[in-house]
Every structure is written in C-alpha cells, then in structure tokens.
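# Examination of the molecular architecture
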Amino acid sequence: MKSINFSLQSSIDNADFDTLLLPVFDDGTFPEAAEKWEISGLVKKLIEQKDFAGKAGETLMLFEQKDFARVCLIGFGVKSDLTDKALTETADAIAKAITKSSAANVLSLAGSISNDQISQARVIYQLTLAVQKSLYEYTHISRSGDLKPKEIHLESVTYLLNDREEWQAKIDQAQATALGMALTQELADMPSNFCTPTHLAETAKQLAKDYDFDCDILEREKMLNMGMGSFMAVAQGSITPPKMICLSYNGADKSKAPIALVGKGVTFDTGGISLKPGAAMDEMKYDMGGAATVLGVFEALGRLKPEINVVGVIPATENMPSGNAIKPGDVVTSLSGQTIEILNTDAEGRLILCDALTYAQQTYKPSKIIDMATLTGACIIALGHHISAVLGNNQDLVNDLLKASQMTYDRFWQLPLSEEYDEQLKSNFADMANIGGRAAGTITAAQFLARFTKDIDWAHLDIAGTAWTSGANKGATGRPVPALVEYLVSQA
Ligand code: BES
Ligand code: MN
Ligand code: ZN
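Every chain is numbered on its own, with residues counted from 1 as its sequence reads. Each chain takes a letter, starting from A, and each ligand takes a number, starting from 1, following the order in which they are written. Thresholds applied to this predicted model are a pLDDT of at least 70 for local features of residues and 80 or more for the giving and counting of side-chain atom pairs; totals over whole chains, interfaces and linings are not thresholded and use all residues. Calculated side-chain values reflect all of the structure's heavy atoms, with hydrogen atoms and water omitted.

## Side note on the sheet that holds strand β1 (residues 5–9)
- Strand order in the open sheet made by the six strands is β1-β6-β5-β2-β4-β3, with mixed pairing throughout. Every interior strand has two partners, whereas the edge strands, β1 and β3 (59–63), have only one. On average, adjacent strands in this sheet sit at an angle of 25 degrees to one another, irrespective of strand direction.
- For two strands to be treated as a pair, DSSP must find no fewer than two bridges joining them. A run of DSSP states H or I qualifies as a helix once it reaches four residues; a run of E qualifies as a strand once it reaches two. Both are numbered from the N-terminal end. Bridge count between β1 and strand β6 (residues 156–160): five bridges; the pairing is parallel. Bridge pairing in β6 places Gln9 opposite Leu160.
- By the convention used here, residues are in contact when the closest approach between their heavy atoms is within 4.5 Å. Note on geometry: axes are lines fitted to C-alpha atoms, helical ones only across the stretch in contact, with angles between N-to-C directions running from 0 to 180 degrees. Of the strands in this sheet, β1 and β6 are in contact with helix α3 (residues 120–133), which crosses β6 at around 165 degrees.

In structure tokens:
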C-alpha cells in the first residue's frame, strides 16, 4: 500500500500545497491561521448563507481558489462537544473527501483542534490513521472487467503545527498502525482457499525478511511428536497442513523477557462434525482474525522499532468435518498434560489456543501473554460489534490494555473471570470439557484458556464482534491492531 508522507510544519512560507484542509465548527468559526488567505472571506459568506453549516462530518470541496487548487471545508460540529465518535467519523469523512479528489499535497489546519476531552495528539493520531487507512482496498484476487485498483493521487499531508517530537511520534505510530491494519485486513478478507495456514506462514517469513525478525514454523509431524494433542485434534480433520507460526521481534536487550501475542488462526471454521448452519458461513474465513492481528502488529513493530521484545505465536489450521475429524466426546491430551473432553467440535478456538499458550510460555519465557481470537458468538450477544471483550488474570495488565484502547478508540470492555464460571467446564471423562453451556459463553471460553496460563500474567481479547463487519460493507476492520500497537509502544 502506498505510504503517504505525513509531517508537521510551523510556518508555510516556502511551501507548495495544492489543497487546504479547513475545519469549520458549527458556530462558523475556523482556525485563525486561515485568515491570511483570501478564501476566508468566501468561507464566512458560505456560512452566513447557510451553504455550509459546519456539522460534524460535513464536507465541501471548493475548487480553483487563489492560493489553492482545492479548499476542503470539513465540519467539526460543536467544538466543546467533539467526542471520540465524532472525531473518528469526521476523520473518515476527511479521508474520503481527499482521496476522492486529485489532491496530492495537502495542508491541514485540522491538527490544531482540541477540547477538554480530546487532546491535540488524539486528533493528529486519528486524522493520520484515517487518511492512511482509507487507502486500503482488497486487491489480492483480480476481478474481471475494468474494475482496476483505485488510483491514489495523494502524496503528502502537512499539519500546520509546531514540530513537536511527541506529535511526530504520534503521526509515525498512526501511520505504522494503518499499514499494519492493511496487512491484517488483506489477510482476513482473503478467502480461505488462498489464505491457508501455509499462506499465513509465508506472510510471517516475508515480514521476517523485511524487518529482520526471527521466524520459526512448526509442521504437523513435529507438533504431534511434541504432544500438542489438542491443536492437532482440530487439525486432523483437514488435509491442509496446519502450522504453528512463531515470530520474534528484538528491539530491546536479549535479557529482557518478551511480551507474547498469541492469535487464533482458524483459516476456515466449518464447526467440524458439530457443523455450523449454512447461513453466513462464508464469514468463517475471518476466523483467523487474531492471527492476522498478530501479523499486522508485527508489520507496525517493524516500522516503528520500539525498544521492547515481542514474540508472536499463531496456531493455524482449518476446522473441517471429514472421515478423520474429531468427534463429540473424544478426549485429547494437551501439551500442558491436561486432558480435554471435546463435547463440541465447533469450540475449536480454545483447543488450538491452549497448546499455543503452553508452547509460547515454554519456548519464550515471556513476561506477559496476550491472546486474541474470534472466539465466541456469545461475545457478539454481550457487546455487539463496537467493543471487544478483554478478560485476564492480572488487573494491571487489563488496565493497561483498557487504557491503550481508550487512547486509540479501538475499544475494549472488561468481562469478569470467577471460579463459579470455571465450574461450568467440569467433565465426567477428562480434566475439563471444551464447552461450558449457553450461559456466559465468552467468560467460560476465557476460563478454559485461564487453565493454561496459571503461571503468567495473561489477558485475552475476544474480537468475534469487531474483527470484521457484515452486510453490504462486509470486510475486515484491522482491529485490534491500533490498541495493541499503542499498548506495546507504551511498554517500551
Ligand atoms: N469462530 C467461532 C466464533 C464466532 C462465531 C465468531 C460467529 C464470530 C461469529 C467459534 O469457533 C465458535 O464456533 N464458537 C462457538 C462456541 C460454542 C460451541 C461453545 C460459538 O460461539 O457458538
Ligand atoms: Mn467454531
Ligand atoms: Zn472458530
């Protein structure tokens, strides 16, 4: 994806911009800096005539002005009322207006906006993220006819602001995040006949080459020999080879324990013998959203190079029904030694994650472990499509993740863990069952994972409702890359 040049500039003497981005509030005010151009008179007139009201997200493009080929007016609504939601929607509207035109070099006065709730750094971050992210387009498989990838004219966005180091850092973070999200989106949108475990592994290898990460891929035979009985039980129903994909980024001293990210990589979830109903089953190509998030975060890490060590561990497989597939009631032994009665083959995410969690701890001795997974339909019932669930055994870690989610408006909400829920996993034939009944499905799934993370600070993100959108705008969202990048940067 094309990388836009975002920068800060404190004055505009010798600059050459074809487009001015001018924010306007609904009381008709706009940044004072615009007074020096002839355009300010016209803007005042348009507001007086009520041709432009300054409502949040409203855009109006004016062409062939004296100082600029284009002036893009952007409504920011009531100044004191600018919320994260309004900011996000306005930023997306700006991105759309700019990329739809032939604007190449944009001067933005929108970076100077802030109020009691929204800091200037937040505004710069969100604008940068929205513009860079809007360039994502699914292009992997060519279409017939004249549907060509959209042409991108945009080259640069310059914020008229003091060149403060912290702001430039926010710009860089937002851009790296957007480019990471694009990788996450591309992988998730790719159908499962292309985005196989092997393709995820090849993507990891390419990242390792591009950014000098260490990469290790485990094959089926090795994993069987190692005793990953739970992960391998899910994988045995598919002839597509499963992979355990491991990436390490070393940005700090080797002696410093890494943070481990573990992502569910079910490249297609049919449910297995506990087959899913047919409606919208195509969307189960998105069941590798956790894996795609880990790879997207590594793309961002490669660009940002924070002083921190991070490992990514991705168990990747299909979940298929076949003559060789696991059956309800089968009992398997996980890598941890704990046995599991598989009462429902559609609760496969936890079965592959538990072995990955154990493997990550044994191999990399991380200080903390965070897993992310499109794990439960119950999470969509609890939180819908706007907020991901976070659960964990260490409140400081959960708080840090909640804080990062607030900073990026990539929202998380905590659900509880508690012994009573754990009891729902009781099995008459093994250490535990892989399902805990209908009640509190997101919590019982996390209770299952908690049994494999007893000796480490651990948090779990259920992204079933947020990793993609359904309906007319079906597509991957790239979440929760923004919050995780913010979290990791904050730990550096
Ligand atoms: N990948 C699904 C969860 C899912 C379903 C995510 C729909 C997004 C949309 C997961 O593997 C699954 O099938 N979970 C079951 C668990 C149940 C059998 C305990 C579910 O949520 O129904
Ligand atoms: Mn499933
Ligand atoms: Zn699944």
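## Topic: the site of ligand 1
- A single heavy atom is enough: if one lies within 4 Å of a molecule or strand, its residue is considered near that molecule or strand. By nearness alone, 17 residues border ligand 1, and Lys276, Asp287, Asp346, Glu348 and Gly377 come closest of all.
- In the analysis that follows, any N or O atom pair within 3.5 Å is treated as a polar contact, provided that within protein one partner can donate a hydrogen and the other can accept it, and provided that, for residues neighboring in sequence, both atoms belong to side chains. In the model, an oxygen atom of ligand 1 is placed 2.8 Å from a nitrogen or oxygen of the Asp346 side chain.
- Coverage of ligand 1 by the protein amounts to 78% of the 520 Å² it exposes when considered alone.
- Split into classes, the residues belonging to the shell around ligand 1 amount to six nonpolar, four polar and seven charged. Per-residue and other accessible areas follow the Shrake-Rupley method at a 1.4 Å probe size, with only the shown protein chains counted as cover for residues. Residues were grouped as follows: Ala, Val, Leu, Ile, Met, Phe, Trp, Tyr, Cys and Pro as nonpolar; Asp, Glu, Lys and Arg as charged; and all remaining residues, including Gly, as polar.

## Overview of the domain arrangement of the chain
- For the domain bounds, the source is a domain assignment made automatically or taken from a database. In terms of domain boundaries, the chain breaks down into domain 1 (5–163) and domain 2 (178–491).
- Each of domain 1 and domain 2 has a C-alpha centre, and the two are 37 Å apart.
- The partner domain 2 presents 15 residues to the 15 residues of domain 1 that form the contact.
- Summed over both partners, the accessible surface that disappears when two parts come together, traced with a 1.4 Å probe, is what is meant by buried area. Roughly 1300 Å² is buried in total at the junction of domain 1 and domain 2, and carbon and sulfur atoms are behind 66% of that figure.
- The largest contributions to the domain 1 side of the interface with domain 2 come from Lys133, Tyr136 and His140, which together make up 40% of the buried area.
- By salt bridge we mean one thing: a side-chain nitrogen of Lys or Arg within 4 Å of a carboxyl oxygen of Asp or Glu. Where domain 1 packs against domain 2, one counts zero salt bridges.

## Quick notes on the packing of helix α4 (residues 165–189) against helix α14 (residues 481–491)
- At a minimum axis separation of 9 Å, α4 and α14 run at an interaxial angle of 135 degrees. By the angle between their directions, the pair α4 and α14 is classed as oblique. The handedness of the crossing between α4 and α14 comes out as right-handed. Where α4 approaches α14, its residues Lys170, Gln173, Thr177, Gly180, Met181 and Thr184 are matched on the opposing element by Val481, Pro482, Val485, Glu486 and Val489.
- Tallied by class, residues from the contact of α4 with α14 come to five nonpolar, four polar and two charged. Should an angle lie under 35 degrees it is considered roughly parallel, over 145 roughly antiparallel, and from 65 to 115 roughly perpendicular; all remaining angles are considered oblique. Helix crossings fall into two classes, left-handed where the near helix is turned counterclockwise from the far one by less than a right angle and right-handed where it is turned clockwise.

## What to know about the sheet that holds strand β17 (residues 432–433)
- As summarised here, the arrangement of the three strands in space is β12-β13-β17, forming an open sheet in which the pairing is mixed. Two strands close off the open sheet at either side, each with one partner strand: β12 (330–333) and β17.
- The pairing of strand β13 (residues 339–342) with β17 spans two bridges and is classified as parallel. Pairing of Glu341 across the sheet is with Ala433, part of β17.

## Remarks on the packing of aromatic side chains
- Stacked, tilted and edge-to-face are the three classes assigned to paired rings of Phe, Tyr and Trp, where Trp is represented by its six-membered ring and a pair needs centres within 6.5 Å; plane angles under 30 degrees give stacked, over 60 edge-to-face, the rest tilted. Following the criterion strictly, the structure yields seven aromatic pairs and no others.
- On the numbers, 5.1 Å between centres and 80 degrees between planes, the contact of Trp37 with Phe68 is edge-to-face. Separated by 31 residues along the polypeptide, Trp37 in the loop between β2 (19–25) and α1 (39–48) and Phe68 in the loop between β3 and β4 (70–77) bring together distant segments of the chain.
- Its relative accessible area of 6% is what places Phe68 among the buried residues.
- Plain terms: the ring middles of Phe213 and Phe298 are 5.3 Å apart, the flat faces sit at 85 degrees to each other, and that makes the pair edge-to-face. For every residue, the accessible area (1.4 Å probe, protein chains only) is compared with the maximum for its type, and the residue is labelled buried under 20%, exposed over 50%, or partly exposed between those bounds.

## Here we look at the layout of surface pockets
- Size it by volume and the largest pocket reaches roughly 1300 Å³.
- Around the largest pocket sit 35 residues that line it, and Asp92, Lys133, Thr469, Ala476 and Thr477 are the ones nearest its centre.
- Those elements that place two or more of their residues in the lining of the largest pocket are α2 (84–100), α3, α4 and β20 (475–476).
- Partitioning the lining of the largest pocket into residue classes produces ten nonpolar, twelve polar and 13 charged.
- When residues of the lining of the largest pocket are sorted by domain, at least three fall in each of domain 1 (5–163) and domain 2 (178–491).
- Lining residues are those with an atom within 4 Å of a point, where the points come from a 1 Å grid over the protein atoms alone and group into cavities, where a 1.4 Å probe fits but cannot get out, or pockets, open sets with protein on both sides within 12 Å along at least five of seven lines. Grid points are joined across faces, edges and corners, and a volume is the space filled by probe spheres set on the points. Estimates place the volume of the second largest pocket at around 930 Å³.
- Elements with a contribution of two residues or more to the lining of the second largest pocket: α9 (349–364), α10 (377–383) and α13 (441–450).
- With five residues, the top contributor of residues to the lining of the second largest pocket is α10.
- Looking at the lining of the second largest pocket, its residues break down into 18 nonpolar, twelve polar and nine charged.

## Some details on helix α11 (residues 395–408)
- Along its 14 residues, α11 runs 20 Å from first to last C-alpha, staying within 8% of the 20 Å computed at 1.5 Å per residue.
- Among the residues of α11, those classed as buried are Leu397, Val398, Leu401, Ala404, Ser405 and Thr408. Considered in projection along α11, the buried side chains sweep an arc of 125 degrees and stay on one side of the axis. Seen from the open side of α11, the exposed residues pointing more than 90 degrees away from its buried face are Asp396, Lys403 and Gln406.
- Of the surrounding secondary structure, the elements contacted by the buried residues of α11 are α3, β14 (368–373), β15 (388–392), β16 (412–414), β18 (457–462) and α14.
- Positive phi appears at Tyr409, one or two residues downstream of α11, with a value of about 55 degrees. Expected span, for any helix, means 1.5 Å times one less than how many residues it has. Directions are taken from the helix axis to each C-beta atom, and the arc is the one they span.

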